[in-house]
Amino acid sequence: MAEQPERSPCDAGELATIDFEASCLPDYGRSFPVEVGVTCVATGETTSWLIRPTDTWLTWGWDPGAEAMHGISLDEARQRGRPADEVLREMSAATRGLRVVSDSGLDAVWLGVLAEAARRGVPFEVQPVQPVLLELAMAPYEIESAEERATRAFPHRHRAGPDARHLAEVIRMLAGFDRVDG
């Protein structure tokens, strides 16, 4: 019988990363998601969705600073965004069977806001990525090094797809996956 390759108990190949861009940060006011991106760590495949604000969301905060950071205007989200229920359904399908991790606890909050707008339950738990990184790295400097290399490979930040892809690449590097050009 052939010996199986040693795998990390966290099984990085069964992970997906998620990132949201939002109307504002919580210290500015109530916020809603304007874009979400997910990346399958095993393949590097990334999908992102622009989210159409609901009428209720439009009564909440909109921070021009957040808009400047992610480059998505309220008009663009209203005109080009997809309805919350479509985004949630497609995002659920893209992450089915995968453990979803994020580098911000706010991503779980915005997933909840999206699910509520879609009148559905939250389809999966968003877990913190830090335990995964600590499990994969032999030493703390390896995480920093992987983050620096991922930033060079995927420099476009503050959009949901590229941010999810960046985090997935950090995990891929620490887990020993070959880099996937994106």
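Heads up: the structure comes first, above all this text.
These numbers were taken from a predicted model, which means no experiment stands behind them. (Residues numbered from 1 in each chain as written. Predicted model: local features only at pLDDT ≥ 70, side-chain atom pairs only at ≥ 80, totals over all residues. Heavy atoms only, no water.)

(A) Layout of the sheet that holds strand β1 (residues 15-22). Strand order in the open sheet formed by 5 strands is β3-β2-β1-β4-β5, with mixed pairing between adjacent strands. Strands with a single pairing partner mark the edges of an open sheet, and in this sheet they are β3 (46-50) and β5 (126-128). Each strand axis lies, on average, 30° off the axis of its neighbour in the sheet, ignoring direction. With 7 bridges joining them, β1 and strand β2 (residues 33-40) adopt antiparallel strand pairing. (Pairing = 2+ DSSP bridges. Helix = DSSP H or I, 4+ residues; strand = E, 2+ residues; numbered from the N terminus. Axes fitted to C-alpha atoms, helices over the stretch in contact; angles between N-to-C directions.)

(B) Representation of the side chain of Glu35 in the model. Its location among the elements puts Glu35 in strand β2. Within the structure, the side chain of Glu35 is placed 3.0 Å from the backbone nitrogen of Ala160, a separation counted as a polar contact. If we ignore the near neighbours within four places in the chain, the residues touching Glu35 are Asp19, Phe20, Glu21, Ser48, Trp49, Leu50, Ile51, Ile72, Arg159 and Ala160. (Polar contact = N/O pair within 3.5 Å; in protein donor to acceptor, adjacent residues only side chain to side chain. Contact = heavy atoms within 4.5 Å.)

(C) Spatial organisation of the packing of helix α3 (residues 84-95) against helix α4 (residues 106-117). Interhelical geometry of α3 versus α4 gives an angle of 120° and a closest axis separation of 8 Å. By the criterion of interaxial angle, the relationship of α3 to α4 is oblique. Crossing hand, α3 versus α4: left-handed. Taken together, the residues of α4 that come into contact with α3 (itself represented by Ala84, Val87, Leu88 and Met91) are Leu111, Leu114, Ala115 and Ala117. Its residues assigned to classes, the contact of α3 with α4 comprises 8 nonpolar, no polar and no charged. (Parallel < 35°, antiparallel > 145°, perpendicular 65-115°, else oblique. Left-handed = near helix turned anticlockwise from the far one by under 90°. Nonpolar A, V, L, I, M, F, W, Y, C, P; charged D, E, K, R; others polar.)

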